[in-house]
Amino acid sequence: MTKRDRREIEPMDDVRIGPQAEDSAGLKGVTVALRRSLKEMGPRRTAKTLTKLNQVEGFDCPSCAWPDPDAGHRHAAEFCENGAKAVSEEATKTRATPEFFAQHSIAELDSQTEHWLGQQGRITHPMVKRPGATHYAPISWDEAFDLIAAELGALASPDEAVFYTSGRTSNEAAFAYQLFVRAYGSNNLPDCSNMCHESTSVALAETIGIGKASVSLDDVHGAELLVLAGQNPGTNHPRMLSALEEAKDRGAMIMAINPLREPGMVNFRNPQRPRGIVGKGTDLADLYLPVKINGDLALFQAIGSLLVEWDTIDHDFIDRYTHGFEAWRDHVRDLDWDQVERSTGLSRAQITEAARMIANSSATVYCWAMGLTQHRNSVATISEIANVAFLQGNIGKPNAGLLPVRGHSNVQGDRTMGIWERVPDHFLDSLQAEFGFEPPRKHGYDTVAAIRALRDGHAHVFFGLGGNFVLAAPDTEVTAEALRRARLTVQVSTKINRSHLVCGDTALILPTLGRTEIDRQASGEQFVSVEDSTCSVHASRGPLEPASEQLRSEVAIVTELAERTLGNRHQIAWREMRDDYRVIRTHISRVVPGFESYEVSVARPGGFVLPHPPRDSRTFPTSSGRAEFTVSPLELLQVAQDQLVLQTLRSHDQFNTTIYGLDDRYRGILGGRRVVFVNPDDLTALSLTNNQQVDLIGHWPGDDIERRASGFRIVAYDTPRGCAAAYYPETNALVPLDSTAAGSNTPTSKSVIISIVPAGTPWSEPKSGSQQMDATRSDEGHKSRPEPIHLS
């Protein structure tokens, strides 16, 4: 059986390989951002939006969830290159009207690239694809709502519907959405967290009692040492570079742990400082550790072992606030250093140097992103970071703590509002007390389970509140076939994406307001609120007129659908919520802990910070009432001699599945995306050459599916032996649906076992009994391990 990727139309001959950048941002980044903004929005809209972006009386960036500085310390231009791209993408003057859909069939649109689809502009009207139709056609809002309500009402069980959420959804919309779904009778609320930081949420809930960061932006600025693992802030969280620069100015050291040597961690040229434009910028990483893919668990266990051996630990904190230290200490004392070196690709001397930096710091902040969260052992890895933090008491003290950096602007807030298939009983108890109905208690489908349910005929309706589900999810063709089996798919969207074209028998596109647009309801102009990576909640108000009079806000769509579907069931005042979002915030204040004075607190300049017991008082709401040390066995990822381990990642010219352009100037890629980064010595060992056209074949034991991503070009790159990297969503076709993280069920998009073969090579199933070895294959006969790169 063959499962191939949805190959985008991208001429390989147009891809150009240039030099890798030596620094990030600077004047070039500003120029790129402004050129794109002027092209998409024009001068007036560019000025109107960018001067309001991330400002106190403005709107929150629809891109990443990096925290804003205090209200009195923001720059006039408080945005990054990619933030400006995100705004330009949303606030474009181009429109996808009903006439556009009449001119282009679904099959024709599906033949285009994701980049091309995104350039067609904002959707202006509700659209429907009827059963058997070849084109989308306009539909009235009333008919669209009635169609959805009728389909939901016809299901044998509410659990035959899936209600997905993207991380862009506001707190108000997310609360109304989960309330509707639970009043309807289901907990099927998968979200994008399931595919990114779910491993973080699980690990931190078990170790400190809350699945959120324990630091503030001021803690980042004041830290003595910042450890950044599995993260590329130059592309994924560019405003973080300004915070790292400020920390460096105050004397901080920075340790970068990542398979790829990313320019964003080498040097930062801040365009808001003279030295960032005409000077040499700021060198960031003092130590770079080129860890092999999936080697982070072994690395942090080894660091912990050395800290114990040297007795550079905070005995008072351990005695007073932790549980399980003795068992963990005994475990790391017996560490197998040979296994550590094979797993990490690092020498004991390199790891010792890293441990010395940590031992010498009295205030360390540990940062990570999806480079750590999308492996089979991700929960264990993040728990191990917590172990190391506990050793020196780096929880609940200034300038220290744990910082999972979220990648979508309100993904954390959506979870706080109850977008979760496994929401705790105390939240459901509060819903019952506030609204007078008994919410369902059975856990619902997460993302992976939702795909299986649609595939296997156990679910028949898919409703997506934002996002591009078919390209965000793993195993692209499996996901696509699952959606095609649905009787109804509904996408609440601003622009055309692949999930509109891979759809059920009946499909609806419901156009919604963007973050940049004014939201007017019956009581007047509304604002919404969001939560950033450091638990800060603040308001967001768009400055632009809506792209079309037909657009409706996410709150309006959800509450109208609830009225049509539920009628007077449970006597919930949906219209009042839609007319005045203060009604929603009043409900939230009585349901969600920490929001007791929501309306007053969110009106303050810069908003308010939610309580966080470990951060605020060294109180740990775990089963033991203490911070939990966790014992995790080391597991080596096994691959055959002729295979590599692939991590999927972003280009600098994209945000999640939104493709802004075809350049990745930081990595020297121009004019294309179908490239695979491979160590030069691996190319020699595999009889491949730089710039060769190849196919990528994924391997997963236990099935006979060929997962192939075709038409890639090899780029020789500075990455550890046995490791490769390529952009998603093009490589999501290689991620098996059943390959997930233990404990979190997150797809293992950073640990994909692949073969690289010349383009067009027929697939042959790997022979049983073929030689197996560690993913960290021996370097014998090739160049020695790269030494850590000292950049200051």
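The structure presented is a predicted model; accordingly, all values stated were derived computationally and were not measured. (Residues numbered from 1 in each chain as written. Predicted model: local features only at pLDDT ≥ 70, side-chain atom pairs only at ≥ 80, totals over all residues. Heavy atoms only, no water.)

Here the focus is unusual backbone geometry. Of the consecutive residues Tyr 728 and Pro 729, the connecting peptide bond is found in the cis state with omega at 10°. Relative to the assigned elements, Pro 729 resides in the loop between strand S34 (723-727) and strand S35 (752-758). Residue Asn 656 is not a glycine yet carries a positive backbone phi of 50°. Structurally, Asn 656 can be placed in the loop between strand S28 (654-655) and strand S29 (658-659). We note that Asn 745 has phi near 65°; this positive angle belongs to a residue other than glycine. Looking at the secondary structure, you find Asn 745 in the loop between S34 and S35. Taking the relative accessible area as the measure of exposure, Asn 745 reaches 22% and is therefore partly exposed. (Helix = DSSP H or I, 4+ residues; strand = E, 2+ residues; numbered from the N terminus. Buried < 20%, exposed > 50% of the residue type's maximum accessible area, 1.4 Å probe, protein only.)

According to the stated counting rule, one finds 52 salt bridges in the structure shown. In this structure, the salt-bridge partner of Arg 441 is Glu 438, at a minimum N-O distance of 2.8 Å. On the basis of relative accessible area, Arg 441 is assigned to the partly exposed category, the value being 33%. Between Glu 525 and Arg 520 there is a salt bridge whose closest N-O contact spans 3.8 Å. Relative accessible area serves as the criterion here: at 56%, Glu 525 is assigned to the exposed category. Since its relative accessible area comes to 43%, Arg 520 is described here as partly exposed. One network of salt bridges, in which partners are shared, links Asp 142, Asp 146, Glu 560, Glu 563, Arg 564 and Arg 578. (Salt bridge = Lys/Arg side-chain N within 4 Å of Asp/Glu carboxyl O.)

Relative to the elements of secondary structure, Gln 654 occurs in strand S28. Take Gln 654: its relative accessible area is 1%, and that puts it in the buried class. At 2.6 Å, the side chain of Gln 654 forms a polar contact with the backbone oxygen of Asn 656. Of note is the side chain of Gln 654, whose polar atom sits 3.1 Å from the backbone oxygen of Tyr 728. Once you skip the residues sitting within four places of it in the chain, Gln 654 turns out to touch Asn 82, Leu 649, Ile 659, Tyr 660, Arg 673, Tyr 727, Tyr 728 and Pro 729. (Polar contact = N/O pair within 3.5 Å; in protein donor to acceptor, adjacent residues only side chain to side chain. Contact = heavy atoms within 4.5 Å.)

With that settled, the discussion passes to the sheet that holds strand S23 (residues 536-540). Pairing is antiparallel across the open sheet formed by three strands, whose spatial order is S22-S23-S24. Of all strands in the sheet, those bounded by a partner on one side alone are strand S22 (528-531) and strand S24 (608-609). The pairing of S23 with S24 spans two bridges and is classified as antiparallel. Across the sheet, residue Val 537 finds its bridge partner in S24, namely Phe 608. Its contacts with the sheet put helix H7 (residues 171-184) on S22 and S23, and the angle it makes with S22 is roughly 90°. (Pairing = 2+ DSSP bridges. Axes fitted to C-alpha atoms, helices over the stretch in contact; angles between N-to-C directions.)

Gaps left between atoms are located by rolling a probe of water-molecule size over the structure's atoms. Under the criterion given, the structure shown has nine cavities of 30 Å³ or more. Taken as a whole, the second largest cavity holds about 230 Å³ of empty space. Lining of the second largest cavity is provided by 20 residues; of these, Leu 513, Gly 514, Arg 515, Asp 519 and Val 528 occupy positions nearest its centre. (1 Å grid on protein atoms, 1.4 Å probe; cavity = no way out; pocket = protein on both sides within 12 Å on 5 of 7 lines; lining within 4 Å. Points joined across faces, edges and corners; volume = space filled by probe spheres on them.)

Time to look at the packing of aromatic side chains. The relation between two aromatic rings is expressed through the spacing of the ring centres and the mutual angle of the planes. Within this structure, the stated rule accounts for 24 aromatic pairs. An angle of 80° between the planes, with centres 5.9 Å apart, marks the rings of Phe 163 and Phe 180 as edge-to-face. A residue pair is termed long-range when its members are at least 10 positions apart, and Phe 163 in strand S8 (residues 161-165) and Phe 180 in helix H7 qualify at 17 residues. Residue Phe 163 is classed as buried on the basis of its relative accessible area of 1%. Overall, the relative accessible area of 0% leaves Phe 180 in the buried class. Taking 6.3 Å as the distance between ring centres and 40° as the angle between the ring planes, the aromatic pair formed by Phe 175 and Phe 435 counts as tilted. Pair noted here: Phe 175 is in helix H7 and Phe 435 is in helix H21 (residues 425-435), with a separation of 260 residues, a long-range link. Put simply, the rings of Phe 163, Tyr 177, Phe 180, Tyr 184 and Phe 463 pair up and form one aromatic cluster. In this structure, Arg 348 packs its charged tip against the face of Trp 337, placed 4.2 Å from the ring centre. Here Arg 541 stacks its cationic end above the ring of Phe 527, 4.8 Å away from the centre of that ring. (Phe/Tyr/Trp six-rings, centres within 6.5 Å; stacked < 30°, edge-to-face > 60°. Lys NZ or Arg CZ within 6 Å of the ring centre and 35° of its normal.)

Okay, the packing of helix H13 (residues 296-310) against helix H15 (residues 325-333) next. Two measures define how a pair of helices packs: the angle their axes make with one another and the distance between the axes. Here H13 crosses H15 at 105°, and the two axes come no closer than 9 Å. On the basis of the axis angle, H13 is roughly perpendicular to H15. Across the interface between the two elements, Gln 301, Gly 304, Ser 305 and Val 308 from H13 touch Trp 328, Arg 329, His 331, Val 332 and Arg 333 from H15. Of the residues contributing to the contact of H13 with H15, the split by class is three nonpolar, four polar and two charged. (Parallel < 35°, antiparallel > 145°, perpendicular 65-115°, else oblique. Nonpolar A, V, L, I, M, F, W, Y, C, P; charged D, E, K, R; others polar.)

Averaged over every residue, the pLDDT of the protein is 91; the share at 70 or more is 92%. Counted against residues more than four places away or in other chains, residues 1-9, with its pLDDT under 50, gives 37 contacts. This stretch, residues 767-792, has a pLDDT under 50; its non-local contacts, to residues over four places away or in other chains, come to 74 contacts. (pLDDT = per-residue confidence, 0-100.)

In an α-helix, one turn spans 3.6 residues; hence positions three or four apart end up facing the same way. Here H13 is 15 residues long and its end C-alpha atoms lie 21 Å apart, about the 21 Å a rise of 1.5 Å per residue gives. In the segment just after H13, Asp 311 is the residue with positive phi, at about 60°. (Expected span 1.5 Å × (residues − 1).)

The next point concerns the sheet that holds strand S16 (residues 401-404). Strand order in the open sheet formed by five strands is S13-S10-S9-S15-S16, and the pairing between neighbours is parallel. Strand pairing shows two members of the sheet lacking a second neighbour, strand S13 (287-289) and S16, which therefore form its edges. Here the average twist between neighbouring strands, direction ignored, is 15°. Inspection of the sheet shows strand S10 (residues 253-257) paired to S13 by three bridges, in the parallel sense. Looking at the pairing, Ile 257 lines up with Leu 289 of S13.

Our next topic: helix H6 (residues 141-154). For H6, which comprises 14 residues, the first-to-last C-alpha distance of 20 Å matches the rise-based estimate of 20 Å (1.5 Å per residue) to within 8%. Within H6, the full set of buried residues consists of Trp 141, Ala 144, Phe 145, Leu 147, Ile 148, Ala 149, Glu 151 and Leu 152.

Another aspect to go through is the packing of H7 against H21. Contact geometry for H7 and H21: axes closest at 12 Å, N-to-C directions at 85°. On the basis of their axis angle, the class for H7 and H21 is roughly perpendicular. Across the interface between the two elements, Phe 175, Gln 178, Leu 179 and Arg 182 from H7 touch Phe 427, Leu 428, Leu 431 and Phe 435 from H21. Within the contact of H7 with H21, the residues separate by chemical class into six nonpolar, one polar and one charged.

Judged by how many residues are buried, S35 sits mostly within the fold: six of seven residues are covered. As judged from the three bridges shared by strand S27 (residues 644-649) and S35, these two strands associate in the antiparallel manner. Looking at the pairing, Leu 646 lines up with Val 752 of S35. As paired strands, strand S32 (residues 693-698) and S35 are joined by five bridges and run antiparallel to one another. Across the sheet, Val 694 pairs through a bridge with Pro 758, a residue of S35.

This part takes up the environment of Ile 659. Considering the arrangement of structural elements, one finds Ile 659 in strand S29. The exposure class of Ile 659 is buried, given its relative accessible area of 2%. C-alpha of Ile 659 to C-alpha of Trp 116: the two residues are 543 residues apart in sequence and 8.7 Å apart in space. Among residues more than four places away in sequence, those in contact with Ile 659 are Glu 89, Glu 114, His 115, Gln 119, Asp 653, Gln 654, Arg 673 and Pro 729.

Here we take up the pairing of S10. By the criterion of burial, S10 is predominantly enclosed, with four of the five residues buried. The sheet contact formed by strand S9 (residues 225-229) and S10 spans five bridges and is parallel. Residue pairing across strands places Leu 226 opposite Ile 254, the latter belonging to S10.

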